[in-house]
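Coordinates in review
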Amino acid sequence: VGVCIIDRDGVIRFSNSSLRALFKDPANPRLTNDFPSLYLEPSQHREFLSRFDVEGKLRVETIFRGPGAQSRWAIMSWEPSQLEGREVIVVWLFDITELKAVEQALRAKSDELERYFSSSLDLLCIATLDGRFIRLNPEWTRVLGCDLKELEGHKYLDLVHPDDIAATLDAMYEMNQARPVMCFENRYRSLDGSYRWIEWRSQPIGGLVYAVARDVTDRKRAQAELVESNRHLEEAN
């Protein structure tokens, strides 16, 4: 942690080796004694000083000029103190530049996954092992006609066709044994009361189920019509 003592004018009266290492530029080995000049925006010092006068202490995140004029993020804390009978401010600086870079990368990845989740034409689902929806993508609304708020947090067995309950419970048992369930089909009730055939590929991970599904109702209907057509041909022969 970088530590320094500054006076009301922003002049650095003392600095420890960590602070000097944080700001020292190989091209300019002397650390400036003007604390406001270390900010990326020196005018911020007046703002922070005003807040310090009102609040008595200060703790903020701000950006400083690092070596080579590269910006560095730091958590900065101010505390009032006395030095040789004069009012001074003790400043602590904790460099969080790497943490900020990680946060930014995670935020970018999260935004990327959110865009994928929202735009996928597949039915995406995150559920608990005991059969409760946690997160669904908008494609569910198109297929079942239900608002996502009506589905998320509810048990999916409430929507499963009565004739498919037993098979669905068997699939749930497999996932509770940490085994994936692939190409499983069951029927879900839509808002208009009709049932849609859903084909699942589900993987249990860390106490949750992550699933990708598709509405295969049209395919199942076409298969049924083909079987019926073949039956009629066989009867005609």
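The notes below deal with the structure included here. Along each chain, residue indices are assigned from 1 in the same order as the chain's sequence is written. This being a predicted model, a pLDDT of at least 70 is required before a residue's local features are given, and a value of 80 or more before pairs of side-chain atoms are given or counted; all residues contribute to the totals for chains, interfaces and linings. The side-chain values count all of the structure's non-hydrogen atoms but skip hydrogen atoms and water molecules.

Notes on the sheet that holds strand 5 (residues 86-95)
Sheets are built from strands that pair by backbone hydrogen bonding, the pairs being arranged parallel or antiparallel. At least two DSSP bridges between two strands are needed for those strands to be called paired. The helix count covers DSSP runs of H or I at least four residues long, the strand count covers runs of E at least two residues long, and both are numbered beginning at the N terminus. The 5 strands lie next to each other as 2-1-5-4-3, forming an open sheet whose pairing is antiparallel. Two strands close off the open sheet at either side, each with one partner strand: strand 2 (12-15) and strand 3 (58-65). Going from strand to strand, the sheet's axes swing by 30° on average, the running direction of each strand aside. Here strand 4 (residues 71-83) runs beside strand 5; their pairing, made up of 10 bridges, is antiparallel. In the strand pairing of strand 5, Q82 is matched with E87. Helix 2 (residues 44-55) rests against strand 1 (2-6), strand 3, strand 4 and strand 5 of the sheet, and its axis sits at about 170° to strand 3. Contacts are assigned to residue pairs with any non-hydrogen atoms lying within 4.5 Å of each other. Between the N-to-C directions of two axes lies an angle of 0 to 180 degrees, each axis being a line fitted to C-alpha atoms and, for a helix, fitted only over the stretch in contact. On the sheet, helix 3 (residues 97-119) packs against strand 3, strand 4 and strand 5 and is oriented at approximately 140° with respect to strand 4.

Focus: the environment of R20
In this fold, R20 is placed in helix 1 (residues 17-23). R20 sits 25 residues away from H45 along the chain, and the two C-alpha atoms are 19 Å apart. Contacts described as polar in this section are N or O atom pairs within 3.5 Å, which, within protein, must combine one atom able to donate a hydrogen with one able to accept it, while residues neighboring in sequence count only if both atoms come from side chains. Reaching out from R20, the side chain makes a polar contact with the backbone oxygen of S15 at a distance of 2.4 Å.

Digging into the pairing of strand 5
Direction of pairing for strand 1 relative to strand 5: antiparallel, over a ladder of 5 bridges. Paired with I6 across the bridge in strand 5 is I89.

Examining the nonpolar core
Here, the term nonpolar core denotes a set of buried Ala, Val, Leu, Ile, Met, Phe, Trp, Tyr and Cys residues that are joined through side-chain atoms within 4.5 Å. Accessible area is worked out with a 1.4 Å probe on protein chains only. A residue is then buried under 20% of its type maximum, exposed over 50%, and partly exposed in between. Counting residues in each nonpolar core, the largest one holds 25 residues, and the members touching the most others are C125, F133, W140, L144, L151, Y188 and W200. Secondary-structure elements contributing two or more residues to this core are strand 6 (123-128), strand 7 (133-136), helix 4 (139-144), helix 5 (148-151), helix 6 (165-176), strand 8 (181-189), strand 9 (195-205) and strand 10 (208-215). Counting residues in hydrophobic clusters, the runner-up holds 21 residues, among them I12, L19, L49 and V91.

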